[in-house]
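Letter by letter, the chains look like this.
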Amino acid sequence: YALLGLRACAEAGLEIPSDVWQDAEKHLLRTQGGDGGWCYTVGSSYGSMAAGGLGGLAICKYYLGQKVAQDANIKRAVDWLAKNFTVLQNPGSGTSWHYYYLYGLERSGTLAGIDAFGTNNWYRHGARYLIIEQNPDGDWNKSPQDTCFAILFLSRATKPLTSPKIIITPD
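Residues numbered from 1 in each chain as written. Predicted model: local features only at pLDDT ≥ 70, side-chain atom pairs only at ≥ 80, totals over all residues. Heavy atoms only, no water.

A look at the side chain of Thr158
Checked against the element boundaries, Thr158 lands in the segment after helix H7 (144-154). A polar atom in the side chain of Thr158 sits 2.7 Å from the side chain of Glu106. Once you skip the residues sitting within four places of it in the chain, Thr158 turns out to touch Arg7, Tyr103, Glu106, Arg107, Thr110 and Leu111. (Helix = DSSP H or I, 4+ residues; strand = E, 2+ residues; numbered from the N terminus. Polar contact = N/O pair within 3.5 Å; in protein donor to acceptor, adjacent residues only side chain to side chain. Contact = heavy atoms within 4.5 Å.)

Here's what the structure looks like:
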């Protein structure tokens, strides 16, 4: 989320020193697992962290002027998400943070500029799942948190990295 915030600042015209992007990139590369995914502290990679790591790495690469789509570490993360793809649970973590993982798929897919993890169109599969799982009263799991993540996914809330920058001018 810190990198999403920094991206929002950069999009608003604030200058973010390149060493901030470099340090964040170094951290993400250092913590990326040998399997291409990420975990929270120590252990096996799982979906929500792999999606978060991929999205963060894509942001760093973009603001450092590097080709996101051609990066080997981005490819490893995309491959991890393809190999472990499901919308029925948070891969490696079961139902824990499931809807956060779905929102992570939306962010990472958009930020990496991809429509599918492997042969899985992440939006089509996720949207179908969320429509089926939505309660008659409009929420998901009787949870404001899950409902927010579902809405962020369905609305495709993340702007692509190639989108025009927003310029804020004084009134």
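Remarks on the packing of aromatic side chains
Enumeration over the complete set of coordinates arrives at eleven aromatic pairs. Plain terms: the ring middles of Tyr103 and Phe149 are 5.9 Å apart, the flat faces sit at 20° to each other, and that makes the pair stacked. Remark: Phe149 occurs in helix H7 and Tyr103 occurs in helix H5 (residues 98-112); sequence separation between them is 46 residues. Here Phe149 falls in the buried class, since its relative accessible area comes to 12%. Aromatic rings pair up to connect Tyr1, Trp97, Tyr100, Tyr103 and Phe149 into one cluster. Here the basic side chain of Arg107 rests over the ring of Tyr103, its NZ or CZ set 4.6 Å away from the ring centre. Sitting over the ring of Tyr123, Arg156 keeps its end group 4.6 Å from the ring centre. (Phe/Tyr/Trp six-rings, centres within 6.5 Å; stacked < 30°, edge-to-face > 60°. Buried < 20%, exposed > 50% of the residue type's maximum accessible area, 1.4 Å probe, protein only. Lys NZ or Arg CZ within 6 Å of the ring centre and 35° of its normal.)

Considering H5
The first and last C-alpha atoms of H5 sit 21 Å apart over 15 residues, in line with the 21 Å expected at 1.5 Å per residue. The element H5 is extensively covered by neighbouring structure, given that 15 of its 15 residues are classed as buried. Looking one or two places after H5, you find Gly113, whose phi comes out positive at around 70°. (Expected span 1.5 Å × (residues − 1).)

Re unusual backbone geometry
With a phi angle near 60°, Asn141 is a residue other than glycine that sits in the positive phi range. Topologically, Asn141 is positioned in the loop between helix H6 (122-133) and H7. Backbone geometry at Lys142 places phi at a positive 55°, although glycine is not the residue there. The class for Lys142 is exposed, based on a relative accessible area of 58%.

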